[in-house]
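Structural overview
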Amino acid sequence: MNPRFSHQRNRALTLTEVLVVVFVIAFAVALLLPALAAAKRKHARIGCVSNLKQIGIAYRLWEGDNNDKYPMAVSVTNGGAMELVATGNVAACFRVMSNELSTPKILLCPEDTKRTAATNFSTGFSGANISYFVNPDAAEIYPQMILDGDDNLLVNGKPAQPGILNLRTDTTIAWTKDRHRGVGNIGLADGSAMQATREGFQQA
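Residues numbered from 1 in each chain as written. Predicted model: local features only at pLDDT ≥ 70, side-chain atom pairs only at ≥ 80, totals over all residues. Heavy atoms only, no water.

Let us now look at the packing of aromatic side chains. Any aromatic ring pair is given by two values, namely how distant the centres are and how the planes are angled relative to each other. Tallying each qualifying case throughout the model produces three aromatic pairs. Taking 5.2 Å as the distance between ring centres and 70 degrees as the angle between the ring planes, the aromatic pair formed by Tyr59 and Tyr70 counts as edge-to-face. Here Tyr70 lies in the loop between helix H1 (15-64) and helix H2 (82-86) and Tyr59 lies in helix H1, a separation of 11 residues in the sequence. Note on accessibility: Tyr59 and Tyr70 belong to one class, buried. Arranged with centres 5.1 Å apart and planes meeting at 70 degrees, the rings of Phe121 and Phe125 form a pair that is edge-to-face. Note on Phe121: relative accessible area 10%, which makes it buried. (Phe/Tyr/Trp six-rings, centres within 6.5 Å; stacked < 30°, edge-to-face > 60°. Helix = DSSP H or I, 4+ residues; strand = E, 2+ residues; numbered from the N terminus. Buried < 20%, exposed > 50% of the residue type's maximum accessible area, 1.4 Å probe, protein only.)

Rendered as structure tokens:
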């Protein structure tokens, strides 16, 4: 039996066909990139709200063991951080709650590119590892009071100092565009957390 040989030639893609394929792929990528970026931003925002929720739960657990007071209202001699918080030391506030927080990584907003997460609460842990402000006046008896939140703030037109933020009713507050596209997240004294626009924050 004689083998058959095909007389058809293998046909390669022409230059025009290659250019069309490259163009289609480039067009598809250009369409998908904004959607992927939007999904990434949404994921970071949800992660930030989740962090603040976990921090809020830690506050509630801690105050349950400390006469219904948050660390900012309990003296250092009694295991709190009152005197240290008064000097602006926000890390001390979270350090006393280290058992309730379990990891310092939740103290860093996923969109904060200026700071790095700490690996533990003892070695080198400082304000450089924290993305959130703390309101030292917050108390469990005022459940809708702002407890903490993103520190990308302008207070009376000036960038907020990271860490401790004393909120007053006559203070003008605005989010910067550093994170979350010009909005931010806040935690309330009842342990809840939410995204807040500038108007929502001012109202709260």
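On we go from here.
What follows concerns the sheet that holds strand E1 (residues 132-134). Paired through backbone hydrogen bonds, the strands of a sheet run either parallel or antiparallel to each other. If you walk across this open sheet you meet the four strands as E1-E2-E6-E7, and the pairing is antiparallel. Taken across any chain shown, the strands that pair with only one partner, and hence form the sheet edges, are E1 and strand E7 (193-196). Across the sheet, the mean angle from the axis of one strand to that of its neighbour is 25 degrees, orientation sign disregarded. Here three bridges tie strand E2 (residues 146-150) to strand E6 (residues 184-188), and the two strands are oriented antiparallel to one another. Considered in E6, the bridge of Ile146 is made with Leu188. (Pairing = 2+ DSSP bridges. Axes fitted to C-alpha atoms, helices over the stretch in contact; angles between N-to-C directions.)

The next point concerns the sheet that holds strand E5 (residues 173-175). Ordered by their spatial adjacency, three strands build an open sheet running E4-E3-E5, and the pairing between neighbours is antiparallel. A single partner strand is all that each edge strand has here, and the edge strands are strand E4 (158-159) and E5. The pairing of strand E3 (residues 153-155) with E4 spans two bridges and is antiparallel. Considered in E4, the bridge of Val155 is made with Lys158.

Our next topic: the nonpolar core. Core analysis: the largest hydrophobic core is formed by 31 residues, its most contacted members being Ile55, Tyr59, Met72, Phe94 and Leu101. Elements with a contribution of two residues or more to this core: H1, helix H3 (90-95) and E1. In terms of residue count, H1 provides more of this core than any other element does, six residues in total. When sequence neighbours within four positions are dropped, the list of residues in contact with Phe94 reads Ile55, Tyr59, Leu101, Leu107, Phe121, Phe125, Ile130 and Val134. If you look at the next biggest cluster of nonpolar residues, it comprises 13 residues, including Ile146, Leu153, Val155 and Trp175. (Core = buried A, V, L, I, M, F, W, Y, C linked by side-chain atoms within 4.5 Å. Contact = heavy atoms within 4.5 Å.)

Here we come to the side chain of Asn135. Here Asn135 shows up in the loop between E1 and E2. Excluding residues within four positions of it along the chain, Asn135 makes contact with Met72, Met145, Ile146, Leu147, Leu165 and Leu167.

This paragraph deals with the pairing of E2. Looking down a regular strand, the side chains alternate between one sheet face and the other. Of all five residues in E2, five are buried; the element is thus mostly enclosed. Pairing of E1 with E2, which is carried by three bridges, proceeds in the antiparallel orientation. The partner of Phe133 across the bridge, within E2, is Gly149.

Let us now look at the side chain of Asn152. Structurally, the position occupied by Asn152 is in the loop between E2 and E3. Residue classification places Asn152 among the buried residues on the basis of a relative accessible area of 3%. Those residues in contact with Asn152 that lie beyond four places of it in its chain are Ala174, Trp175, Thr176, Asp178, Arg179 and Val183.

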